[in-house]
Every structure is written in C-alpha cells, then in structure tokens.
Amino acid sequence: MEQNLASLTEEDLKNMTPDQLRELQRKNCIFCQIISGKVQSKKVFEDEKSIAILDINPANPGHVLLMPKEHATIMPQISDIDIGYLFLVAKSLSKSGLKALKAEGSNIFVANGIAAGQKSPHFMIHIIPRKANDGIAGFGLLRRKMAKEELQAVQQAILKRSKESMPGNKAELILSLEAPKEPEKLEAKEQPPAIKFDKQKPKPSVEIRPAEETKGPEQSDDEGSIDLDDIARVLGRK
Amino acid sequence: MSSENAACMVCQAVASGTGMAVYEDDEVVAYLDENPAAYGHLAVIPKSHHPIIEETPDYLVNHVFQVVNKLSVVVFEELKVQGTNILVSNGIAAGQDLPHFMVNIIPRTEGDGLNFQWQAKHLSEEEMSTVEIVLKEQSASIGAFELKKKDEAIVLGKPEEIISSAKERKKEPKAEEKKEEKADEPQAETEEENYLIRHLRRIA
C-alpha cells in the first residue's frame, strides 16, 4: 500500500476525485488498520461507531485516543451528529480517567490540520488525565491583548458567517456599551477590514496559576464520585 | 444543578449579555475571547452552570459540540486559517481558570507561535497494561447517553429545529463541497487538494 502511494505523482493525485483521494487516504491510514485489527493496539473502549486506544507516546498515563471508525481527517468532515456522539464518549472516557486513575482533571484536545499540530491522518480526540505538577505545560493558553476595534471586526465577520450557516443563531452584534463610538467609526466598522493578524503587536504573556492555593479542604462523603465532586467544588470556590 | 450560579463569572457574563457573542441559542452561547490565544479564538459555553464536562448533562454536551463543529467550519471558512484546536480543560490541574465548562476553538496558522505539544512520558509495558486494564474496566459501561433534557420530553432543547437542521447539515456540506469544486472556483479546489496532498505526503 505504501508503494501504491509512493508510485503516484503529484499529477496523479491532482487528477483524482475527492472520493478517490479519501479512499487512498483510508487505505494508507495506520489508524484505519488499528481499527480493522490489522495493527495491534491497547483498546480501552469500542462500540459501533468509535474506538479508544492508549496513546503509545502518552503525555500522561491513561492518555487515550478516541477515533471514529469511519475514516475522516479533520472535524469539518464529520457530521454534527457523529461529533456530538464522539464527545459524549470523550466525556465518559475522561470520567473513567478521573475514577480509575485518580486523575485530578483532564484535557480534551483536538488538532485539526498540520498547522494545529495534527500528526495523524485520522481524526482523533485526545483525552489526557491530568494531575497537579505533572509537567505538562502545553495546554496553558497564552493570552494576547487585542484592540477593541480588531476584536469587533473579527466578531462581526464570524457572526455574519455563522448567521448564514447556523439558522438558529440568535446572537446580535452589540457594539461596545461602555464606550459608544463616533458615528463615523461605526460606519467604518460596517465594512470590516481584511483580516490579518498582526503577530508583532500582541505581546503574549503566560498566565501562571498557582494550582494548590485555590484548593478547598473539603472532602466529599459520596464514595462513588469523590474525584468529580472535588474537582468541581474546587472550581466553584474560586 | 442550578441553572445559574451567582458566584460564577461566566454565568454573570451570560446573564449580562455584554460578551462578544458570535452564536447564541436557548442552551448555548459562543463568545469571541477578548484576550485570545489566537485571532478569532472562541469559547462555546452552555448557559446553565456546570463546572466541568463530567457534570454537564449528556444532551447539553451533545449540543455544545454540535455547535462547536459548525463554528469550527465557520472559522475555517471566514478566517481562512490552516487549522483549529479544540480544547477543554477540566479541573485546575488541567489549567482550567473559570469555574464553568467551556470549549475553546482556537484558529491556527503556521508560525503563529502557539504550541500545544507535550513530551511523551515513558511507561513500561507493565504500566501500560495496568492502565489499559483499569481504564477498560471503568469504561465498560459507556453508552446509553441521555439525549433528552431531564423533566422534559425534549431532545436537545429545541427538537425539530435542531434535529432537522442537523440532518440537513449532514447532507448540506457535501452538496456545497461538490458545487464549489465544480463551479469556477479553482482556488478553493486547489486549497482543498493541497490540503489532502500535504496529508498524503505525511503518511508516505
């Protein structure tokens, strides 16, 4: 199969229909081979639509990869119904990690596209059990400062598009309540500028959050869901 | 679970309606993050108060992620980005900073300075097997999701609308895709193809 792909020129690929390309991708997808059982894996869950295996290079013990059985590369190729279902399984697997591995939290993570750090040709949801000071720093969000005008331009652009493609969308554009803008400026905003992200301007700053400080001392008496309740309660206290 | 929590900043923001909303329905609202990790960073939030995903009812998790899926497509198309990250942080140990379950959609472009990577930890074969066994055991009962809102014989809050729109959507994108490819929009076509080709290269 590898040869099959290697023997194809760029020209061949260009001339293939999307369906043919997808079929080719499926044939060459290592995860499709895991799903079909041709390649071994450590399965922790499987049903008709999905399968969850242990990542062989885990960020933490219990790092699970949840995949739809049907080959898809990125989320937009998957129907809303299937995405809703997959994330319900993800929720349950995250809970499994909290209970079975005494994790103190979890990250549920998807990378769509190489620019987003995607490394596999098969769509997957990472479920990573977390503990305080486990050495994983990658999921802390860097925060940027952006000018209000820039924010409003992107809000307007996304809102306009989402109103077109999401009929139930009731969101309305509210232009800065605290600081009403000059009429001319408002007019100018009706035509959002071409969207270009100036990487120079915003200065990312890492938020460092002391994890222990905020922890409440309470313990739950409920045996079955001690971890869960604690995790939620600690947050509620903040 | 109360639908609103007076001490929760997110609930307050939802109630005040001052956030930069890009999507809203009866159950869910999506805001533009005002201190974004990337240009167009969105947070999709259930209106009712649930601190973590595990405590969020199934019907709502289902609905939230259907909205996430649609919005991630919107972001791809509107911002012409090369990727998105979907991130949920459950618990302070996972970096959660607000006491309200939410899903981050982070648009990505090459060289944007973000890096959601991790160092692989080495586990012995024995450790891996132990983890496999305990997780498998704990996960054996996964399924039978409660897709109806409790105390109401309603699926996903707004039944007909959402179900039918979900059904349409399932077909729609494909129809649109084909239209685009056939129509005289060679740019979109090459972009899509390049994307697939890049992926194929990686596999090869």
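Residues numbered from 1 in each chain as written. Chains lettered and ligands numbered in written order. Predicted model: local features only at pLDDT ≥ 70, side-chain atom pairs only at ≥ 80, totals over all residues.

## Brief notes about the overall build of chain B
Right, on to step 1. Scanning chain B from terminus to terminus reveals five helices and seven strands.
Right, on to step 2. Per-residue burial over chain B gives 45% buried out of 204 residues.
Right, on to step 3. Counting contacts in chain B only where the partners sit at least 6 residues apart, residues at least 24 apart contribute 59% of the total. (Helix = DSSP H or I, 4+ residues; strand = E, 2+ residues; numbered from the N terminus. Buried ≥ 20, exposed ≤ 12 C-beta atoms within 10 Å, placed from the backbone. Contact = placed C-beta atoms within 7 Å.)

## Considering the overall build of chain A
Right, on to step 1. For chain A, the helix and strand inventory stands at eight helices and five strands.
Right, on to step 2. Sorting the 238 residues of chain A into buried and exposed places 40% on the buried side.
Right, on to step 3. Contacts spanning at least 24 positions in sequence make up 57% of the contacts within chain A whose residues lie at least 6 apart.

## Here's the deal with the packing of helix H6 (residues 148–165) of chain A against helix H2 (residues 58–79) of chain B
Right, on to step 1. Running from N to C, H6 of chain A and H2 of chain B cross one another at 125°; their axes reach a closest spacing of 9 Å. As the angle between them shows, H6 of chain A and H2 of chain B are arranged oblique. Considering how the two elements wind past one another, H6 of chain A and H2 of chain B form a crossing that is right-handed. Here Ala157, Ile158, Arg161, Ser162 and Ser165 of chain A of H6 of chain A come into contact with H2 of chain B, specifically with Lys70, Leu71, Val74, Val75, Glu77 and Glu78 of chain B.
Right, on to step 2. In terms of residue class, the contact of H6 of chain A with H2 of chain B is built from five nonpolar, two polar and four charged. (Axes fitted to C-alpha atoms, helices over the stretch in contact; angles between N-to-C directions. Parallel < 35°, antiparallel > 145°, perpendicular 65-115°, else oblique. Left-handed = near helix turned anticlockwise from the far one by under 90°. Nonpolar A, V, L, I, M, F, W, Y, C, P; charged D, E, K, R; others polar.)

## Focus on helix H5 (residues 80–100) of chain A
All names here are of chain A.
Right, on to step 1. When the terminal C-alpha atoms of H5 are compared, their 30 Å separation across 21 residues agrees well with the 30 Å that a helix rising 1.5 Å per residue should span.
Right, on to step 2. Of all 21 residues in H5, 19 are buried; the element is thus mostly enclosed.
Right, on to step 3. The positive-phi residue at the C-terminal boundary of H5 is Lys102, with phi of around 55°. (Expected span 1.5 Å × (residues − 1).)

## Here's the deal with the interface of chain A and chain B
Right, on to step 1. In this complex, chain A contributes 104 residues to the contact, which on the side of chain B involves 91 residues.
Right, on to step 2. Those elements that provide at least two residues to the side of chain A that touches chain B are helix H1 (2–6), helix H2 (10–15), helix H3 (18–27), strand S1 (43–46), H5, strand S4 (105–112), H6 and helix H8 (226–237) of chain A.
Right, on to step 3. With 17 residues, H5 of chain A is the single largest residue contributor to the side of chain A that touches chain B.
Right, on to step 4. For S4 of chain A and strand S4 (residues 83–90) of chain B, the ladder comprises seven bridges, and the chain directions are antiparallel. For Asn112 of chain A, the partnering residue across the bridge sits in S4 of chain B and is Thr84 of chain B. (Pairing = 2+ DSSP bridges.)

## Describing helix H1 (residues 9–16) of chain B
Residue and element names in this part refer to chain B.
Right, on to step 1. Among the residues of H1, those classed as buried are Val10, Cys11 and Val14. Across the axial projection of H1, the buried residues extend over an arc of 100°, all falling on one side. Facing away from the buried side of H1 by more than 90 degrees, the exposed set consists of Ala15 and Ser16.
Right, on to step 2. Contacts from the buried residues of H1 go to strand S2 (28–32) and strand S3 (42–46).
Right, on to step 3. Gly17 lies just past H1 and shows a positive phi near 65°. (Arc of directions from axis to C-beta.)

## Overview of the pairing of strand S1 (residues 21–24) of chain B
Residue and element names in this part refer to chain B.
Right, on to step 1. Looking at chain direction, S1 and S2 are connected through three bridges and run antiparallel. Its bridge partner lying in S2, Glu24 is registered against Val29.
Right, on to step 2. Hairpin connection of S1 to S2: three residues between the antiparallel strands.

## Points about the confidence of the model for chain B
Residue and element names in this part refer to chain B.
Right, on to step 1. Confidence along chain B averages 81 in pLDDT terms, with 73% of residues attaining 70 or more.
Right, on to step 2. Counting contacts from residues 169–186, a segment whose pLDDT is below 50, to residues more than four positions away or on other chains yields seven contacts.
Right, on to step 3. Interface confidence for the predicted complex, expressed as ipTM, amounts to 0.75; the pTM equals 0.75. (pLDDT = per-residue confidence, 0-100.)

## Observations regarding the sheet that holds strand S5 (residues 103–108) of chain B
Right, on to step 1. Taken in spatial order, the ten strands make up an open sheet running S1(A)-S2(A)-S3(A)-S5(A)-S4(A)-S4(B)-S5(B)-S3(B)-S2(B)-S1(B), and their pairing is antiparallel. What marks the edges here is a single partner per strand, and that holds for S1 of chain A together with S1 of chain B. Taking the axes of each pair of neighbouring strands and ignoring which way they run, one obtains an average angle of 20° across the sheet.

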